[in-house]
Amino acid sequence: MKPFREAILEQVLILDGAMGTMLQERGLRPGQSPEELNLTMPEVVASVHREYIEAGADVIITNTFGGTCFKLAHFGLEDRLAEINARAVEIARKEARGRAYVGASIGPTGQFVEPLGEVTFDAMKDAFRDQAKALIAAGADLISLETFLDIKECRAALIAVREVSRDIPVIAMLTFDDNGRSVLGTPPEAAAITLAAAGADIVGSNCGLGVDGIYDILCKMRSVTHLPLISQANAGLPELVDGVTVFPGTPDEMIAYHDRMLALGVRVIGGCCGTTPAHIRAMKDAIVMRQRTWEPPRETTGATLLSSRAGWAAVGGKNKTAIIGERINPTGKKLYSEELREGKVAYIRREALEQIQAGATLLDVNVGAPGIDEPVAMERAVFCVSGAVGIPIVLDSSSPAALERGLKAADGKVLINSVSGESKSLRKVLPLARKYGAAVIGLTLDAKGIPDTAEGRLAIARRIRNATRRQGIPDSDVIIDCLTLTVSAEQKRAAETLRAIRLVKEKLGLATVLGVSNISFGLPQRPLISSAFFAMAMEAGLDAAIINPKDKAMMDTWRSAMVLLNRDHQAAAYIEAYRGEQASAAVQTQVSDQPLSIRERLTQAVINGDRDGIVSLVEEALSQGLAPLQISNEGFLPGLEEVGRRFDKNIIFLPQVMQSADTMQAGFARLKHEMKGQSFASRGRILMATVEGDIHDIGKNIVCTLLENHGFEVFDIGKNVPAATIIAKAGEYAVDAVGLSALMTTTMSEMDNVIKKLRSAGIKTFTMVGGAVVTQEYADRIGADLYARDAMEAVAKIKRLIGVVD
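Residues numbered from 1 in each chain as written. Predicted model: local features only at pLDDT ≥ 70, side-chain atom pairs only at ≥ 80, totals over all residues. Heavy atoms only, no water.

A count of helical and extended segments in the protein chain gives 33 helices and 25 strands. Rg of the C-alpha trace for the protein chain: 28 Å, near the compact-globule value of 28 Å for 806 residues, within the 12% margin. In terms of principal-axis extent, the alpha carbons of the protein chain reach across some 85 × 75 × 50 Å. Every one of the 806 residues in the protein chain was classed for burial, and the buried ones make up 58%. Sequence-distant contacts in the protein chain: of pairs separated by 6 or more residues, those separated by 24 or more amount to 75%. When the accessible surface of the protein chain is split by element, carbon and sulfur atoms take 50% of a total near 32000 Å². (Helix = DSSP H or I, 4+ residues; strand = E, 2+ residues; numbered from the N terminus. Rg over C-alpha atoms; globule rule 2.2 N^0.38 Å. Buried < 20%, exposed > 50% of the residue type's maximum accessible area, 1.4 Å probe, protein only. Contact = heavy atoms within 4.5 Å. Areas by Shrake-Rupley, 256 points an atom, 1.4 Å probe, with all protein chains shown as cover.)

Take a look at the structure:
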C-alpha cells in the first residue's frame, strides 16, 4: 500500500464505522471495558474489523478509544496498558493484511486539564504518550485522535504523539454541538488553527452531529486551513425503539453530502455512532463514482493565524492591523509587581477585560518582575487571561523556562515574544515554538545590537526566517519586529524603521510588528508623536502594533487609518465606534464618579470569576452590616444569573461559567464560617448519577456544582451506578428530582430502565436526563420530566420544574 499521506491525495479513503455498538451486540457487558476484549475476546474484535473491510473500508480503527491509563484505571487495567494497546493493533493488522490502513484510536481521558480540572498538562501529555508509544511500536499506520470535547486535551494528545514520532500521520478531531462550538466553547476555526499548528495531518470532526452538521463545521475549518479534512458523522440523532437505542440515519442519507464534502477537500470519510457495515458499503460505492485527485489549496493570505479556546485572530495579509494590548507588563507598574510577588491575579484579570473592551486583538502577557518565580507566575497569568477573555495570547519573556510553562498553560496557538537574530536565542526558543505549535516574533537585533540601516535589519530578519524554516516553522508563523527607537535620542532611525517594514514585506513577504509607544519616550505630549508615527507605520504596511488600547489617541488613529487604507469595509467599524459618541460621553460624565455599591462589586466579582478578590469583598460586606443571606441573594446570585444570560447568548462559555461558580463557592465558604453551623435554606434536594455502564462524569459534575451554587442540596452518588442504588438513594434522601447522565450510546437505554424502576418502586420524584448523546426526543420517549443540553439549562429547567422563584 502507498504511504497514507500519498494515498489521501490520490483518492478519498473510507474509514470504518462504530465499534462500541457492534461489540455490545457481540458480548460486551454493561460496565465492561471495551478495550479488555482485545485480550479476552480478540476474535470478536477481529470480526468487527473484518466486516468493515469486507464492506469497503480503506481504514480500520483499533479498539483503543479508552486505552489511556486514566480510562483503564476504572477497570483495574492500567497495569496492562501496553499489552492492551499493542494487542489491538496486532488484531487489526492481522485482519487488514495490506487491504486497509490501521488507524490507532486515542480518545479523551474523561478528565479536565488545569485549571478547569486537577490534571496537569504534563500528566495528561504523559498519559497520551504512553498510549501512543504502545500503538506506534505495535505497527499502527496512523493515529486517530477522536471525540475530544476539550481543545486543550486534544492539543496535549497531539503534542504527546509528536514526542513519540514526528513521522506518523495524525488525524485530530473535535466534537461539536449544534450551536457550532465544542462543549467548552471552541469554534471550528480555532480548533483547526490549534491542531494544525500542533502537528496534525488531517483535521475535522466526529460524533455529536449528523452529516449536515459536520459539513457546516468543516466549511468553517476550511476557511483557516489548507490541510485535508475528515468527516465522521453519526447516523442521525439517537432514538429509543422498543427499549433499544437506534440511529435512524440511512446509508443514502449518509452519502447525500458526498459531492459537497469532496469539493471542500474532505479526503477521509467515515462513520461514528450508529454507522454499520451497511453504511460503510454505501459510502464506498458512492465514492468510487466520485474519485478525484486533490491538490491542497495554497495559503495565499500570508496571515499569521492564532487561537485561544474560544476565538481566533489573523495577523497580516489583508487584515486590519492587529492591536496587541501591552498593559499586562510589570515595567513601571508597582501594583502589578506587588501582586506578582504575592501570587495574585486581580490586576491581570482587570487589565485583560479592559483591554478587550478597548479593542485589543491580542494580549501581551509579561510577568518579568524581580524576585519572582517567573515560570510559575507565567502559568498563573496565562490561566487567568485564558479564563477571563477569549482572544489569543502573546507570551512575552526572555526566559525559555517561563515560555515553556506558558505554552503548556495555553489553550490554543500563541505568539511568542520573542526571538532575536542571536544563535543562542534561536537555538533555545524555536524548538519550543515547533513543539507546542506557536508563532514567533523575530527582533531585528543580534549580538552587535540594532543595525542603523533598514538593510541591516532586513539581513537579521532573513537570518531568523531561514532558522525558522530549518525548524519546520512556516513563514506565515513568523512576524518581524523592525524595532522602534526613541526619536528624542536617535531621530534619524525612525525613518529607517519605516523603511525596514517596507523591505521586510517586499523582500521576505513576512508580517511585521512594532512596539509603537517607544518612539515618544522622553518627549512632552507623547500621544502626539506616538499616534503620528503609528499612522506612518500602518501606511508602510505594519501588521500588528503593541500599544495601550486604552489610549484614545492611538485607537482613534488606528480606526481612521483602517478606513483610509481600505481595511475597514465601508467604514463599518469606524461608524460603529463613533456613532453617538457625544451622547455616550455625556452619559459617562454623569455616572463615572459614582462608585459601585458593595452588592454590585460582589456581583461583578462573580461575573468576572474573581476568586482571589471575593473573600475580601465578603469581609467588606459583613463589616457594612449585610447579613449572609443578603450577601448571597443580593450579591452572588445576581452575578450567577448574569453569567447564565451571557452563556445562553454565547458571550461566554463553560470555562468562564466554572470560574464564576468556583468564585461563588469561595464566597460561600467564608459565609458558612459566619453562620456558625447554620445553613442556607435549600431550594430543593437533587440526586445525581451517571448510569450503569458509563464511566464519564465531567458533565454531571459541572451540573452538580452549578446546582449547589443556586442553592440546591445535591447528592452526587458517582458514575457507573446501578439502577437499584439510584432507587435506594432517591428514597433514602427523599429527593425532589433525580438527574441521570450518559455519554455513550451504549448506555443511553439504561436511563429508560432507571426511570421505569423508579416508577415501579413508587418513588415520586421528577427526573432529568442529559449527556452528549441524549436529545429532547429521546427524553420524551423514555418519559423523563426534563432534558437539558448543558449545565446552565439544567439549572434553569430544574428551578422551573420544582417551582423555585428567584
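Back to the text.
Before going further, it helps to spend a moment on the packing of aromatic side chains. Tallying each qualifying case throughout the model produces eight aromatic pairs. The ring of Y215 carries R260 above its face, with NZ or CZ at 5.8 Å from the centroid. (Phe/Tyr/Trp six-rings, centres within 6.5 Å; stacked < 30°, edge-to-face > 60°. Lys NZ or Arg CZ within 6 Å of the ring centre and 35° of its normal.)

Given 3.6 residues to a turn, an α-helix orients residues that are three or four positions apart in the same direction. Between its terminal C-alpha atoms helix α18 (residues 423–436) stretches 20 Å, which fits the 20 Å expected from 14 residues at 1.5 Å a residue. If you look at α18, its biggest bend is around 25°, right at V429, and the proline P431 turns up within four residues after that. Regarding α18, the residues found buried are S425, L426, V429, L430, L432, A433 and Y436. Structurally, α18 contributes buried residues whose contacts are with α7 (121–137), α8 (151–164), α17 (400–409), β16 (415–419), β17 (439–443) and α19 (454–470). Phi turns positive one or two residues past the end of α18, at G437, with a value near 70°. (Expected span 1.5 Å × (residues − 1). Bend = angle between axes of the 7 residues up to and from the residue.)

Interpreting fine coordinate detail is not advised for predicted regions of low pLDDT. Of the residues in the protein chain, 97% have a pLDDT of 70 or more, and the chain-wide mean is 92. Low confidence marks residues 583–592, where pLDDT is under 50. Its contacts with residues over four positions away, or in another chain, come to zero contacts. (pLDDT = per-residue confidence, 0-100.)

Moving on, we come to a nonpolar patch on the surface. A contiguous nonpolar patch, built from L149, V183 and L743 and spanning about 180 Å² of accessible area, is present on the exposed surface. On the secondary structure map, V183 appears in the loop between β5 (170–174) and α9 (188–197). (Patch = residues over 30% accessible without salt bridge, like charges linked within 9 Å, V, L, I, M, F, W, Y side chains within 5 Å. Salt bridge = Lys/Arg side-chain N within 4 Å of Asp/Glu carboxyl O.)

Within the largest apolar cluster, 166 residues are counted, with the highest numbers of intra-cluster contacts made by L145 and F534. If we ignore the near neighbours within four places in the chain, the residues touching F534 are I323, V516, L542, A545, I547, M554, T557 and W558. If you look at the next biggest cluster of nonpolar residues, it comprises 29 residues, including V643, V657, M658 and L707. (Core = buried A, V, L, I, M, F, W, Y, C linked by side-chain atoms within 4.5 Å.)

What follows covers the state of the cysteines. Scanning all chains against the criterion turns up zero disulfides. Just so you know, C219 is unpaired, no disulfide at all, and the nearest cysteine sulfur is the one on C272, 20 Å from it. The class for C219 is partly exposed, based on a relative accessible area of 28%. Looking at the unpaired C273, the closest cysteine sulfur is the one in C207, lying at 3.6 Å. (Disulfide = S-S within 2.5 Å.)

Of note, the bond from E114 into P115 is cis; its omega dihedral lies within 30 degrees of zero at 0°. Mapped onto the secondary structure, P115 falls in the loop between β3 (101–106) and α7. The peptide bond linking N417 to S418 adopts the cis configuration, its omega dihedral lying at 25°. As for its placement among the helices and strands, S418 is situated in strand β16. Here R97, not a glycine, exhibits a phi torsion of approximately 45°, which is positive. The residue R97 is located in the loop between α6 (81–96) and β3 in this model. Despite not being glycine, A734 has its phi angle at roughly 50°, a positive value.

Attention now moves to the sheet that holds strand β6 (residues 202–206). Strands sit in the order β1-β10-β7-β6-β5-β4-β3-β2 across an open sheet of eight strands; the sheet is parallel. In this open sheet, the two edge strands, each paired with only one partner strand, are β1 (13–14) and β2 (59–61). Summarising the sheet, strand β7 (residues 229–233) and strand β10 (residues 266–271) pair through five bridges and their orientation is parallel. Considered in β10, the bridge of A233 is made with G271. (Pairing = 2+ DSSP bridges.)

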